[in-house]
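Chain and residue survey
The primary structure of each chain is shown beneath.
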Amino acid sequence: MASPKASKEDQVQALFTKLAPLIKGQQHKKAVRTIDSILKLQPGDQDAVKCKVAVLLEGSSFQEALDYINALPANNFQFEQAYALYRLTRLQDSLQVLAQNMPDTPAKSLLEAQLQHRLGNYTAAIATYNKLVQQHKVKSLEVGTNVVAAYVSGGRAHEVPAVMDALALKASDSFEIAFNQACADVAVGKLEAAEQQLLLAQRLGRETLYEDDFPEEEVEAELAPLSSQLAYVASRLGRPEEASTSYQDLLTKHQAEENVLAVIQNNLLALQSDTQSHQKRFAGEALKKFEGLMDSENPGLLLPGVEARLSEHQKQALHTNHALLLLLTNKSESCQLKLDLLKTRYLGSAALALVEASLLMKDGKLAAADKVLTGLQSDSPVVSLQAVLMRAQMAVSNGDQAQAISILDGIADEEVRHKPAVLATQLALQEQQPNLVGAISTVQEGLTWWQNSMTADKTEKSSAQSWLQQQMVHLQLKAGDRQSASQAFQKLQSLDRTSAASAKMLGQLARASAQSNPQQALALQSNLPPLPKLTGINLDDLEAKVAGSRASKGFSKKRPSVSDLANGAVREKKKRKMKPRLPKNFDPANPGPKPDPERWLPKWQRSDFKKKRNRRREKEAVKGSQGAGRVDDALDSTIEGNEPVAEASKPKGPARPAGAKGKKKGRR
C-alpha cells in the first residue's frame, strides 16, 4: 500500500497532466478549477501559481488576475500586474508598477512603449521603441507596426519612410503596416498614395483573415477602420457623396467596434454639416447622437468602451465637437460647463480656445473673447489663422475697420498674409473707410511679394498677379488716375490678355477716357474682342418676343409702297378714333365731380343700397334666453312700495242658463 505522501504527489501529477490539454484547448474556466484543486492539495506550489496567473490573463479575467496577484504573500508577478492594469485601462497605475525595480526585458519595454502611446506621450513611446529595437534587437512585424503608429500619432509622419527602411518594413508585409503607412500619407497630404495603400491593406487583410478561417462578419469588423479611413480620404479628395454613403453603410451594418463607430459617427456629422441648409435643426439632431457617446455617470468622459480604445487626440476631437454643438444649439450654460471640464484635461488646447472665444462673442463679451484669442498659441498655422480671422471679425462687428485691417496686417505667415482672400478682405475694409490710398498701397505690396516669391506654384502665382492687377485698375479708375489705370491695364494684358476680366477692364477704361481723351477711347474700343456671331437666330422673331417692342405691339407690318399700289395692292384704312361727345356747356377745365358709374343700375342693385328693416318695437324686443328680458320694476312684488293692483270690477250681465250655447255666426 502506497504512503499518503506518495499518493498526494501522484494526485498532483495527475492534475498537472489533466491541466496541459485544457490550457492548449483554451478551456480557461476548467483549467482554473484544476489549478485550484492542485493548490488545495499542495498550497503555495509555484508552478500552479504561475499557471493560474497566466490562465487568468489569457482568459481576459484581468480583474480576477489582479486580485489574485495582490493577495499573494510575495509579489513576484510585477509585469503581470502591470499588464492587468493596462488591460483595465488604469494606465498611470500600470506605468508606476513598471517603474519599480524590475529587470529590463523586451516585454517590459514593449509594454512601457504601448502605455506611453496610449497616454499620448508619443516622444517617450518612440524613444522606448528605439531602445527596444537597438538594444534588445527586436524586429518583429508587431513591433514595426507599433513603431510606425507612434511616429504617425506623434506628428512625425514625414519620418515614416526612413523608419520603415531602417526596420526593413514594406507595406506588403501585413495589412496593419500598409494601414499605418496610409495614415502617414494622409498626415503629409499624399491623399492619392494613401488611397492606394488603403486598398492594398484591404486586399491583404481579407486574404489574411480568410486564411485564418475568420467568418465574414468578423472580417468586416476587423477591416472597418480601413473602410472608415477610405471614406475620409474620399471626402478629402472632393468626393463627399461617396464618403457619406460609405459612412452610412458602416453605421447600418454595426459590424465595427464601439470606438470605430464613434469615429465614423463624428466624421459623418462633420461631413454633413457643410451641406445642411438648416443648420439649427441639423445641430439639434447631431447633438442627440453625440449625447449617446457621452458617459452620463461621469461628465467629461466618453462611454467606457469608447474612452478605453481611442487616442487622446481622437477623444479631444469628439469632446470639442460636442461643445461646439452645444454652442450652436444655444445651450450656453451647458457649453460653458463642458469647456470648464475639458480645459483642465486638455491644457492649452487651441480648438477649445476657439470654441470658448465663439461662446464669449455670442454673449457679447468681445473684450474677453479678444483676450482669449490673443493668448492663443498653436503650432498649427490653420488654427493661428482662424484666431486672427476671428479677431478681425469681432473688430468689424464692433464697427472698427481700422483695427480689423491692423489685425490682418499682423499675420505672421507672409504667404498667408498675401493670399488673395486675405488681401480682398483688407481691400473691402479700406474701401468702406474709404481709404483708396491705403488700398492701392496694399495691392502694390501684394504685387511685389508675388513677383519676388520663389516658393509659390506657377499657376497660383500667375492667378494672384492677374487678380491684383485687376484690383489696381479698378482702384486707379475710382481714384480718377486714368494714366496709372492705363499702365496697370497694360501689365494686366501682359499677364492675361484673353481673360474676360481683361475685356471688362478695357471697357471701363474706354468709358473713363471718352470725355477727356476720345482718341485713346477709340483706340481702346478697337481692341475690344468681337462679339460672338449670332447664327440660327431670326431677329424679327426675337424682336416680336420682347415685351414692349413695336413688333410685340403689332407695328411690325410695312405699309405698301407706290409700286405695290400700282400692282393692285390695297392700302389699309386707318381707324380713326371718334371724339367723345360732351354735354352741353361742359367746361373741360372744371369738369366737376365724376358721374356715378352705377347710375344706370336700379337702386336695389347698387353697391351702396341698404335694405330697409322693420325697426318697429325693436327696442322692446326681448333678446336672449327665456326670462332674460327686461321686466318693469313696477310689476315686481318683491320691491317695497309696490302694492298688488286690484282687479278692475266688471259689470255682471244676466246669467246664461245652464247648457245654453253661444249663437253661432253664419257665413255671409
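Structural data are supplied above this passage.
Throughout what follows, the structure given in this document is the object of discussion. Quick caveat, the model's predicted, so the values are computed rather than measured.

So, the overall build of the protein
Across its full length, the protein carries 33 helices and zero strands. Summed over all atoms, the accessible surface of the protein reaches about 44,800 Å², with 52% contributed by carbon and sulfur.

Regarding the packing of helix α12 (residues 191-211) against helix α14 (residues 224-236)
Contact geometry for α12 and α14: axes closest at 10 Å, N-to-C directions at 160°. As judged from the angle between their axes, α12 and α14 are roughly antiparallel. Pair α12 / α14 crosses with left-handed handedness. Contact residues: α12 offers Leu 191, Glu 195, Leu 198, Leu 199, Ala 201 and Gln 202, while α14 offers Leu 226, Ser 227, Gln 229, Leu 230, Val 233 and Arg 236.

Quick look at the packing of helix α9 (residues 141-153) against helix α11 (residues 175-187)
At a minimum axis separation of 9 Å, α9 and α11 run at an interaxial angle of 15°. Judged by the inter-axis angle, α9 sits roughly parallel to α11. In this structure, α9 crosses over α11, and the sense of that crossing is left-handed. Every residue of α11 that contacts α9 at Leu 141, Thr 145, Val 148, Ala 149 and Val 152 is listed here: Glu 176, Ile 177, Asn 180, Gln 181, Cys 183 and Ala 184. Of the residues in the contact of α9 with α11, the class split is seven nonpolar, three polar and one charged.

Looking at unusual backbone geometry
In this structure, Pro 434 follows Gln 433 across a cis peptide bond, with omega equal to -10°. Despite not being glycine, Gln 26 has its phi angle at roughly 60°, a positive value. Take Gln 26: it is sitting in the loop between α1 (4-24) and α2 (28-41). The class for Gln 26 is exposed, based on a relative accessible area of 54%. Its identity is not glycine, yet Thr 89 carries a phi of approximately 60°, on the positive side. You can see Thr 89 is positioned in the loop between α5 (78-87) and α6 (91-98).

A short note on the environment of Ile 38
Here Ile 38 shows up in helix α2. We classify Ile 38 as buried; its relative accessible area is 0%. Separated by 27 residues in sequence, Ile 38 and Gln 11 place their C-alpha atoms 8.3 Å apart. Filtering out sequence-adjacent residues up to four positions away, Ile 38 remains in contact with Val 12, Leu 15, Phe 16 and Ala 48.

Details of the environment of Ser 397
Within the secondary structure, Ser 397 is located in helix α23 (residues 381-397). For Ser 397, a relative accessible area of 56% translates into the label exposed. Here the side chain of Ser 397 touches Met 394 through a polar contact of 2.7 Å, landing on its backbone oxygen.

A few points about helix α19 (residues 312-328)
An α-helical turn contains 3.6 residues, so a residue and the one three or four places further along point in the same direction. Taking 1.5 Å of rise per residue, the 17 residues of α19 would be expected to cover 24 Å, and the 24 Å separating its terminal C-alpha atoms lies within 8% of that figure. Where α19 is concerned, the buried positions are Lys 315, Leu 318, His 319, Thr 320, His 322, Ala 323, Leu 325, Leu 326 and Leu 327. One or two positions beyond α19, positive phi appears at Asn 330, with a value near 65°.

Focus on a negative patch on the surface
A cluster of like negative charges, contributed by Glu 176, Glu 216, Glu 217, Glu 218 and Glu 222, occupies part of the molecular surface. Broken down by element, the negative patch gets its largest block of residues, four residues, from helix α13 (residues 216-222). Relative to the helices and strands, Glu 217 is located in helix α13.

Some remarks on the pattern of salt bridges
Applying the stated rule across the entire model yields 16 salt bridges. Put simply, Asp 36 and Lys 52 hold a salt bridge, and the shortest N to O gap is 3.0 Å. Separated by 16 residues along the polypeptide, Asp 36 in helix α2 and Lys 52 in helix α3 (residues 46-58) bring together distant segments of the chain. When its relative accessible area of 11% is taken as the criterion, Lys 52 is described as buried. Between Arg 239 and Glu 242 there is a salt bridge whose closest N-O contact spans 2.6 Å. Take Glu 242: its relative accessible area is 38%, and that puts it in the partly exposed class. One continuous salt-bridge network, built from bridges that share partners, spans Glu 307, Glu 312, Lys 315 and Arg 345.

So, the side chain of His 117
Tracing the chain through its elements places His 117 in helix α7 (residues 106-118). Setting aside its immediate chain neighbours within four residues, His 117 contacts Tyr 122, Ala 125, Ala 149, Ala 150 and Ser 153.

A short note on the environment of Leu 339
Among the secondary structure elements, Leu 339 is positioned in helix α20 (residues 332-345). Counting along the chain gives 17 residues from Leu 339 to Glu 356, while the straight-line C-alpha distance between them is 7.2 Å. Once residues within four sequence positions are removed from consideration, Leu 339 is found in contact with Ala 323, Leu 352, Val 355, Glu 356 and Leu 359.

Section: the packing of aromatic side chains
What the rule picks out here adds up to three aromatic pairs. Ring geometry for Phe 62 and Tyr 83: centres 6.3 Å apart, planes at 70°, overall edge-to-face. With a gap of 21 residues between them, Phe 62 in helix α4 (residues 62-71) and Tyr 83 in helix α5 connect regions that are remote in the sequence. Look at Phe 62 and you get buried, because its relative accessible area is 9%. The interplanar angle of 90° and the centroid separation of 5.0 Å between the aromatic rings of Trp 449 and Trp 450 together place this pair among those described as edge-to-face. We classify Trp 449 as buried; its relative accessible area is 19%. Linked through ring pairs, Phe 62, Tyr 83 and Tyr 86 together constitute an aromatic cluster.

The rules behind these values
- Per-chain numbering applies: the sequence of each chain, read as written, is numbered from 1 onward.
- Where local features are concerned, this predicted model is filtered to residues with pLDDT of at least 70; where side-chain atom pairs are given and counted, the filter is 80 or more; whole-chain, interface and lining totals use all residues.
- Derived side-chain values reflect all non-hydrogen atoms in the structure, with water molecules and hydrogen atoms excluded from consideration.
- A helix here means a DSSP run of H or I that spans at least four residues, while a strand means a run of E at least two residues long, and both kinds are numbered starting from the N terminus.
- Throughout, the Shrake-Rupley method with a 1.4 Å probe supplies accessible areas, and for residues the shown protein chains are the sole cover considered.
- For helices, the fitted axis covers only the stretch in contact; all axes are lines through C-alpha atoms, and the angles between them, taken along N-to-C directions, range from 0 to 180 degrees.
- Angle categories are assigned with fixed cut-offs, so that under 35 degrees is roughly parallel, over 145 is roughly antiparallel, 65 to 115 is roughly perpendicular, and the rest are oblique.
- Crossing handedness is defined as follows: a turn of the near helix away from the far one that is anticlockwise and smaller than a right angle gives a left-handed crossing, while the clockwise case is right-handed.
- Here, two residues are considered to be in contact whenever any of their heavy atoms come within 4.5 Å of each other.
- Gly counts as polar in this scheme, as do all residues outside two lists: the nonpolar Ala, Val, Leu, Ile, Met, Phe, Trp, Tyr, Cys and Pro, and the charged Asp, Glu, Lys and Arg.
- For the exposure calls, accessible area comes from a 1.4 Å probe over protein chains only, and a residue counts as buried if that area is under 20% of its type's maximum, exposed if over 50%, partly exposed in between.
- Identification of polar contacts relies on pairs of N or O atoms within 3.5 Å, with a donor-acceptor requirement for protein atoms, meaning one able to donate a hydrogen and the other able to accept it, and with residues adjacent in sequence counted only if both atoms are side-chain atoms.
- Here a helix's expected span is defined as the number of its residues, less one, multiplied by 1.5 Å.
- Within this analysis, patches are made of residues with over 30% relative accessible area and no salt bridge. Like charges are joined at 9 Å or less; nonpolar side chains (Val, Leu, Ile, Met, Phe, Trp, Tyr) at 5 Å or less.
- Salt bridge, as applied in this entry: a Lys or Arg side-chain nitrogen positioned within 4 Å of an Asp or Glu carboxyl oxygen.
- Charged-residue counts in this description rest on Lys and Arg as positive and Asp and Glu as negative, His and the chain ends being excluded.
- Throughout, a charge is located at the NZ atom of Lys, the CZ atom of Arg, the CG atom of Asp or the CD atom of Glu.
- Working definition: rings of Phe, Tyr and Trp (its six-membered ring) pair if their centres are within 6.5 Å, and the pair is stacked with planes under 30 degrees apart, edge-to-face with planes over 60 apart, and tilted otherwise.

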